[in-house]
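A closer look at the structure
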Number of protein chains: 2
Amino acid sequence: MSTQNGTLSIFALGGVYEIGKNMYGIQYGDDIVLIDCGSKFPDESFLGIDLIIPDITYLLENRDKVRALIVTHGHEDHIGGIPYFLKQLNVPVYGTRLTLGLIEIKLKEHGLLQQAELVQIDRNSRIALGAMTASFFQTNHSIPDCLGVVFDTPEGKVVHTGDFKFDLTPVHKQTPDLHKMAAIGQSGVLVLLSESTNAERPGFTPSEKLVGDHLREAFARAKRKIFVSTFASNVYRLQQVIDAAHLNNRVLVLLGRSMVNVVRIAQEQGYLHIPEGMLVDTEEANELPPERVAILCTGSQGEPMAALARLSTGGFRSIKVEAGDTVILSASPIPGNERNVARIVDNLFILGAHVIYGSGTGMHVSGHGSQEELKLMLTLMKPKFFIPIHGEYRMLHQHRLLAEQLGMEPDAIFLINNGDVVDFKDGAAVQERTIQAGNTLVDGFGIGDVGTVILRDRKHLSEDGILVVVVTRDKTDGKIISGPDLISRGFVYGPDSEGLIDEATQIAAAALEGLQGERITQWNRLKQALRESIGRFLYAKTKRRPMILPIIMEV
Amino acid sequence: MSTQNGTLSIFALGGVYEIGKNMYGIQYGDDIVLIDCGSKFPDESFLGIDLIIPDITYLLENRDKVRALIVTHGHEDHIGGIPYFLKQLNVPVYGTRLTLGLIEIKLKEHGLLQQAELVQIDRNSRIALGAMTASFFQTNHSIPDCLGVVFDTPEGKVVHTGDFKFDLTPVHKQTPDLHKMAAIGQSGVLVLLSESTNAERPGFTPSEKLVGDHLREAFARAKRKIFVSTFASNVYRLQQVIDAAHLNNRVLVLLGRSMVNVVRIAQEQGYLHIPEGMLVDTEEANELPPERVAILCTGSQGEPMAALARLSTGGFRSIKVEAGDTVILSASPIPGNERNVARIVDNLFILGAHVIYGSGTGMHVSGHGSQEELKLMLTLMKPKFFIPIHGEYRMLHQHRLLAEQLGMEPDAIFLINNGDVVDFKDGAAVQERTIQAGNTLVDGFGIGDVGTVILRDRKHLSEDGILVVVVTRDKTDGKIISGPDLISRGFVYGPDSEGLIDEATQIAAAALEGLQGERITQWNRLKQALRESIGRFLYAKTKRRPMILPIIMEV
């Protein structure tokens, strides 16, 4: 994208046509400002991949123009990509106190804390960013101190909501800045970028307070230990668990690294209030009667290595779920995690626990606004143009339908994919350009080195395994000195398969014989002949297609 | 299990602690009768596996005693294992007309139709099976002609419900045999085996009729083509789609092999009524105006190769989803399929279709009874003992709680795992024995040959790929003649990885040098040294652990 003076451009590098790895960009002339830099967890099609982050090629090509990264809040899908981003592009990072606290944990793990420039802001901050100025409004969500962002640009105001719901009875009195939002809308908004996570859900998302009521009831009823599993970052939820435990004269144990980390930071920063002496370790807890103990733990998404999964199989040595204990799953499974969560519930029941799980228990409310709240945001902001963000296509589509119901014209709404650019000039908007965008895959220390070839091979290997065919030939006459030897992994196994491998070895030998004397330059023909003849034979015999890897040594 | 005269034994070979591959056995002395022989689809932990069927070792060890396989209905989780079972144990198979029709399709595919002994029964049949007699009662479910089974045994009556709901306004007037059930209960039931699929769901499952109302409304509103995707075996649903289409003067196209198969059989047998001339092929449909066309298709679970998935990406050549068409997903995603279904909805919206999906549309009702219906069955049968079947542990557990609410004593309820046996004698019941049971994995033509070693290797390969290390040594002095050569798949790729592979090659060479002269018997030491040194190096450099496969050729 060449510099286009007098044009305001908005693009996504992540977060649309998907859930996760949010990253949006606003460019005016030579100034680019970024909003969020998230990661997402790979689904099962990304075999062996640890994390997915945005492809930032466009930003690296325009590194001199990038003024800042503004982070709306501290969830992984908004901050998870930051360490990888800062390694390549060290720009100032703006966020509220808790957001920066959570980012710092990540930067520390990556050894980047010293060199990073973190700038703390609050709802009243104003930041000059080249031709643009950013100001903020507070929203509520399932983590404290969430911001929406207003960019004053020469072409008009751009509003980015961040994640939000309208919780009018919030925990901690973190009320949304309704009047400020109304004033922004009144002052005229060129374009609104609003999140779409719950655009498929009718109605109004219930208040977080509701969960507190249900927690208190469950705590009052429980006769033995209570385990509550939830997202560590949901500080409001943690506070409500702490309050319910305190009310019932229980001590509190924290299980799981992220739970310990978040509680420490939130407590230090004053977001979380834990009565003196209430926090104990497992050893102290085990010496108390079970009705005096509550445990807050990670793993509500069924993550196999997290605390809850380990508790459910008795794999946690220092504290156990025992018959009569209560386990509360205070979270909904994110799509794709349902089976892992269900397996944990099964195992907890097998241990004899009373498990409170599922959507009908009131033990969880969403942090995202439903259709009526999305309509409320659109109504408050009354933008000229609208770009639904933060969601898979069907959510963006449903959000568009809501805007149309509110009277917006279809051509004032842009459904963009990652890499699509919407250009605004003189009050008009067009979407006709794209920039590079996509998934950068993190696998171990490798960032972006795993691509389609490796993933395709992993998929092939995962389904039918591999058969290696090794042959040593004389380099002068091509005569076979040793082999073919066939070794397989993940294909067939044990004495029953010996006959099959013997037969395949004969097939390979016959194929090689037919090509004896072929010169070294003909390796590809040789390999091809081996792959085809063995592959055909094995498929006819087993209906499986292992990867066949011929290796020819010439000596 | 030795023959135990005078003892009645009940066991599961599949269907408990899981959803799918239902297979239950009842034994009295030298007579074993089986109920259902299902399959289940592997989850992502079974890499490359096509199908999972019950382990029938116990039956093969007692082949002379197996009298019959009774099949309650024609769903895959009740019939999918039959071809594999009959290949090893050819006993008479009893089922209603539609059930046998669906079994015949499978047997034909496996070339087993001639040798199989299929015996048609109906709700009024009585079958003498050695010391036992089987009789039946009709239930309703999401496929016609479902049976519950009553076994009269010398120890008392055993009732197996099959799958059921209580649909009191069923399509096709297939009313449940309520009065017969009441009479059975009144006559005294020793033990009830009742299905638990919806034991977590409060209330009463809505009638199938409800879906018909919603389908008719949607058909009346649609302006262009209508696609409806549902389970082919849900003949009631198919009929309601056909009726709605006919009412709106639309022809009907069938897409998907199982849809075509089931419609043919159900129509031949009189379960499905399609007006003359209504069924057309895609060519004829494409010549009609879009408002005259309805399409019934497979793929409602998001199966990547089924009709709906292919339609959603434009991969179906002969008929297309176009802007303004309506697509109705008349099914709920089975846990684990949510993401595939969501992807299809995204793609259909991108094509411009109006998509009716999700739980709030009334386009689907479950075929399984909810808590009130499970309580109704327990109340009707008033058994002395109860074995909840057909469900994962949490469902069996919830079903147990329902029975306890109805006044049953905890020790009259047995939660069995596959392989557990409950023995009944003189009105008492004990669970203290097990027989062999488990998953038999089908992979291509291989039945049971893929076990933990192959699956573990596939998982390893899927995550980090493989690195093959080939060396040719002189067999007399162990001197290296050629290699080490390193070839990888699914690990690293492309020019950027050449340096890493070069370094690893040097590491391998150094390791070999240290062991030069080792005799042929020391291959394992050599291989171990290569695996360790290369593995350590690669993990330090990449944080990945590819499978390392050393191959040493001696010439």
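Since the structure is predicted, the reported quantities are computational estimates derived from the model, not experimental observations.

**Here we look at the interface of chain B and chain A**
- Opposite the 64 residues of chain B that make contact, chain A presents 64 residues.
- In this assembly, chain B and chain A are joined by 21 residue pairs in polar contact (both at pLDDT 80 or more).
- Contributions of two or more residues to the side of chain B that touches chain A are made by α11 (338–350), α13 (393–405), α14 (452–464), β23 (466–473), β24 (480–489), α16 (523–542) and β25 (547–554) of chain B.
- For the side of chain B that touches chain A, the per-class residue count stands at 30 nonpolar, 13 polar and 21 charged.

**Brief notes about the packing of aromatic side chains**
- Applying the stated criterion to the full structure yields 12 aromatic pairs over all chains.
- An aromatic cluster is defined as three or more aromatic residues linked by ring pairs; in this entry it consists of A:Phe385, A:Phe414 and A:Phe424.

**Some details on a negative patch on the surface**
Residues and elements named next belong to chain A.
- Taken together, the side chains of Asp-281, Glu-283, Glu-284 and Glu-287 present a region of like negative charge at the surface.
- With respect to the helices, strands and loops of the structure, Glu-283 is situated in helix α9 (residues 282–287).
- For Glu-283, a relative accessible area of 59% corresponds to the exposed category.

**A short note on the pairing of strand β9 (residues 132–139) of chain B**
Residues and elements named next belong to chain B.
- β9 sits mainly inside the fold: seven of its eight residues count as buried.
- Across four bridges, the pairing between strand β8 (residues 126–129) and β9 is antiparallel. What sits directly across from Ile-127, in β9, is Ala-134.
- As consecutive antiparallel partners, β8 and β9 are separated by two residues, and within that stretch Gly-130 has a phi angle of approximately 60°, a positive value.
- With seven bridges joining them, β9 and strand β10 (residues 146–153) adopt antiparallel strand pairing. Across the sheet, the residue bridging to Gln-138 is Leu-147, located in β10.
- Counting the residues between successive antiparallel strands, the hairpin from β9 to β10 contains six residues, one of them, Asp-145, with a positive phi of roughly 55°.

**Considering the pairing of strand β11 (residues 156–160) of chain B**
Residue and element names in this part refer to chain B.
- Of all five residues in β11, four are buried; the element is thus mostly enclosed.
- One ladder, built from five bridges, connects β10 with β11; its direction is antiparallel. Note that in β11 the partner of Phe-151 across the bridge is Val-158.
- Two successive antiparallel strands, β10 and β11, enclose a turn made up of two residues.
- With three bridges joining them, β11 and strand β12 (residues 191–195) adopt parallel strand pairing. Counterpart to His-160 in the pairing with β12 is Leu-193.
- Following the backbone out of β11, through helix α5 (residues 178–187) and into the adjacent parallel β12, one traces a crossover that is right-handed.

Thresholds applied
Residues numbered from 1 in each chain as written. Chains lettered and ligands numbered in written order. Predicted model: local features only at pLDDT ≥ 70, side-chain atom pairs only at ≥ 80, totals over all residues. Heavy atoms only, no water. Contact = heavy atoms within 4.5 Å. Polar contact = N/O pair within 3.5 Å; in protein donor to acceptor, adjacent residues only side chain to side chain. Helix = DSSP H or I, 4+ residues; strand = E, 2+ residues; numbered from the N terminus. Nonpolar A, V, L, I, M, F, W, Y, C, P; charged D, E, K, R; others polar. Phe/Tyr/Trp six-rings, centres within 6.5 Å; stacked < 30°, edge-to-face > 60°. Patch = residues over 30% accessible without salt bridge, like charges linked within 9 Å, V, L, I, M, F, W, Y side chains within 5 Å. Areas by Shrake-Rupley, 256 points an atom, 1.4 Å probe, with all protein chains shown as cover. Salt bridge = Lys/Arg side-chain N within 4 Å of Asp/Glu carboxyl O. Lys, Arg positive; Asp, Glu negative; His and termini not counted. Charge placed at Lys NZ, Arg CZ, Asp CG, Glu CD. Buried < 20%, exposed > 50% of the residue type's maximum accessible area, 1.4 Å probe, protein only. Pairing = 2+ DSSP bridges. Right-handed = clockwise from strand over helix to strand, strands pointing away.

Remember that the coordinates give geometry; whether it matters functionally is a separate question.
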